[in-house]
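Results of the structural survey
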Amino acid sequence: MTAEQKLSFSHLLSSNQINKEDIDIIFDLAQQYQQQFSSGTRSFNDCQDYILATLFFEPSTRTRFSFESAMHRLNGKIISLEQGLSSSVKKGESLEDMGRVFSKYSDIVVIRHPEMSSAWRFAKYSPIPVINGGDGANEHPTQSLTDLYTIKQTKNKLYNLTIGIVGDLKNSRTAYSLIKLLSLYPNNKFILISPQEIQLKESHKEKLRNNNVDIVETDEIESQINNLDILYVIRTQKERFDNKAEYDKVNGKYRINNELLKNSKEDLIIMHALPKIDEIDPEIDDNKKAKYFFQAEVAVFVRMALLNLMKDSKVRF
Ligand code: NCD
């Protein structure tokens, strides 16, 4: 399928770059892939002759594999770095230099790295499009697009929604990006549920309030659950805690189970970027409200659309 329309960005580093028109373009194409796939088409020639580099300096299952699966479905090629262990970064090479060099080996890059702003450093001198697959606790824009696509597919709208986000809002890179994207649409309300220690960062809250985003904070889920259209659950991001005692203090405060959901809305959907550890009882997995495996499934179509739309982006410095 030819990507006729143009996105407003050439690198995708932050959800701030994404506007409603971009979302429509990406979702239209993702939906075409999804429909054709479900009617039996297994592969498309849309990235033939293109090489994707996936550079992962942090663990990943879904992000890396769904990007790689997406590129295979588009008949493109992949070069890959897992955990950065086999690269010259181990010898001290800078991300800026890597960014310069990878444009000679590939046509588009996805990078995940534990340091905040790493994707910006990599992209600084990269003449080919760079996608941020997660920079520390900062941003993960393609996860947010996948989340939004899941909401569109299951709720059939992106407005007039009450969204509860529960768990480690401080260290999550998916929550803030998702709030920003959903607040492009009218009348969405956010209930942020977390222990005080892992609330959304003050700087983020201030930006949201300045943009008149409707956010309410609480540490209690029981009184909120029955009003929600969406419950977005976040894993306690263990790798971002200074020590185990701090992690143990906040982990396990919430556990989503059938008892908690007994009076929730009939059409509530439960989302999670995965991996889920113990914040969702496995008894929920078979509940029709659980959409997290669907979320992981549609990630491939969203990423196929992005790769196709971004592959020829001319980077503007
Ligand atoms: C998320 C991430 O890596 O930020 N996972 C993902 O990309 N599917 C969420 C998480 O690790 O908890």
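It should be noted that the structure appears before, not after, this text.
Residues numbered from 1 in each chain as written. Predicted model: local features only at pLDDT ≥ 70, side-chain atom pairs only at ≥ 80, totals over all residues. Heavy atoms only, no water.

This part is about the sheet that holds strand E4 (residues 130–135). Whenever strands of a sheet pair, they do so through backbone hydrogen bonds, lying parallel or antiparallel. Reading across from one edge, E2-E1-E3-E4 is the order of the four strands in this open sheet, with parallel pairing throughout. In this open sheet, the two edge strands, each paired with only one partner strand, are strand E2 (77–82) and E4. On average, adjacent strands in this sheet sit at an angle of 10° to one another, irrespective of strand direction. Relative to E4, strand E3 (residues 108–113) is paired through four bridges, and the arrangement is parallel. Bridging across to E4, valine 109 finds its partner in valine 130. (Pairing = 2+ DSSP bridges. Helix = DSSP H or I, 4+ residues; strand = E, 2+ residues; numbered from the N terminus. Axes fitted to C-alpha atoms, helices over the stretch in contact; angles between N-to-C directions.)

So, on to a nonpolar patch on the surface. Side chains of Ile79, Val101 and Tyr105 sit close together on the surface and give an oily, nonpolar patch of about 250 Å² of accessible area. Take tyrosine 105: it is sitting in the loop between helix H3 (95–102) and E3. (Patch = residues over 30% accessible without salt bridge, like charges linked within 9 Å, V, L, I, M, F, W, Y side chains within 5 Å. Areas by Shrake-Rupley, 256 points an atom, 1.4 Å probe, with all protein chains shown as cover. Salt bridge = Lys/Arg side-chain N within 4 Å of Asp/Glu carboxyl O.)

What follows covers empty space enclosed by the protein. The probe, sized like a water molecule, is rolled over the atoms to show the empty space still left. The tally for this structure, following the rule as stated, stands at two cavities of 30 Å³ or more. Estimates place the volume of the largest cavity at around 130 Å³. Along the wall of the largest cavity there are 15 residues; nearest its centre are Gly167, Thr236, Gly252, Tyr254 and Glu279. Of all the secondary structure elements, the ones that give two or more residues to the lining of the largest cavity are strand E5 (162–167) and strand E8 (230–234). In terms of residue class, the lining of the largest cavity is made up of seven nonpolar, four polar and four charged. (1 Å grid on protein atoms, 1.4 Å probe; cavity = no way out; pocket = protein on both sides within 12 Å on 5 of 7 lines; lining within 4 Å. Points joined across faces, edges and corners; volume = space filled by probe spheres on them. Nonpolar A, V, L, I, M, F, W, Y, C, P; charged D, E, K, R; others polar.)

Here the focus is the packing of helix H2 (residues 62–73) against helix H9 (residues 292–310). Orientation of H2 relative to H9, taken along the N-to-C sense of each, is 55°, at an axis distance of 8 Å. When the interaxial angle is binned, H2 and H9 end up oblique. For the pair H2 and H9, the crossing hand works out as right-handed. Residues Arg62, Thr63, Ser66, Phe67, Ser69, Ala70, Met71 and Arg73 of H2 lie in contact with H9, whose contacting residues are Ala296, Ala299, Val300, Arg303, Met304 and Leu307. Counted by class, the contact of H2 with H9 contains eight nonpolar, three polar and three charged residues. (Parallel < 35°, antiparallel > 145°, perpendicular 65-115°, else oblique. Left-handed = near helix turned anticlockwise from the far one by under 90°. Contact = heavy atoms within 4.5 Å.)

Per the stated rule, a full pass over the model turns up seven aromatic pairs. Aromatic pair tyrosine 33 and phenylalanine 44: ring centres 5.0 Å apart, planes at 75°, arrangement edge-to-face. Of this pair, tyrosine 33 sits in helix H1 (residues 20–38) while phenylalanine 44 is found in the loop between H1 and strand E1 (51–56), placing the two residues eleven residues apart along the sequence. A residue is classified by how much of its surface remains accessible, and tyrosine 33, at 0% relative accessible area, is buried. Chaining the aromatic ring pairs together yields one cluster made of Phe102, Tyr105 and Phe122. A cation over a ring is seen here: arginine 100 above tyrosine 125, with NZ or CZ 4.0 Å from the ring centre. One Lys or Arg, lysine 311, reaches over the ring of tyrosine 50 and ends 5.4 Å from the middle of that ring. (Phe/Tyr/Trp six-rings, centres within 6.5 Å; stacked < 30°, edge-to-face > 60°. Buried < 20%, exposed > 50% of the residue type's maximum accessible area, 1.4 Å probe, protein only. Lys NZ or Arg CZ within 6 Å of the ring centre and 35° of its normal.)

A separate point is H1. When the terminal C-alpha atoms of H1 are compared, their 26 Å separation across 19 residues agrees well with the 27 Å that a helix rising 1.5 Å per residue should span. Between the side-chain oxygen at the start of H1 and the backbone nitrogen of glutamate 21 there is a gap of 3.0 Å, and the oxygen is on asparagine 19. Just beyond H1, the residue with positive phi is glycine 40, at close to 110°. (Expected span 1.5 Å × (residues − 1). Polar contact = N/O pair within 3.5 Å; in protein donor to acceptor, adjacent residues only side chain to side chain.)

Moving on, we come to the site of the ligand. Around the ligand, the neighbouring residues are Thr63, Arg112, His140, Gln143, Arg173, Arg235, Gln237, Ala273, Leu274 and Pro275. Note that an oxygen atom of the ligand is positioned 2.8 Å from one of the side-chain N or O atoms of arginine 173. Between the ligand and alanine 273 there is a distance of 2.9 Å, counted from a nitrogen atom to a backbone nitrogen or oxygen. For the ligand, whose unbound accessible area comes to 320 Å², protein coverage reaches 92%. When atoms are counted within 2 Å of each cavity's grid points, the one that captures over half of the ligand is the largest pocket. Counted by class, the shell around the ligand contains three nonpolar, four polar and three charged residues. (Near = heavy atom within 4 Å. Sits in = over half its atoms within 2 Å of the grid points.)

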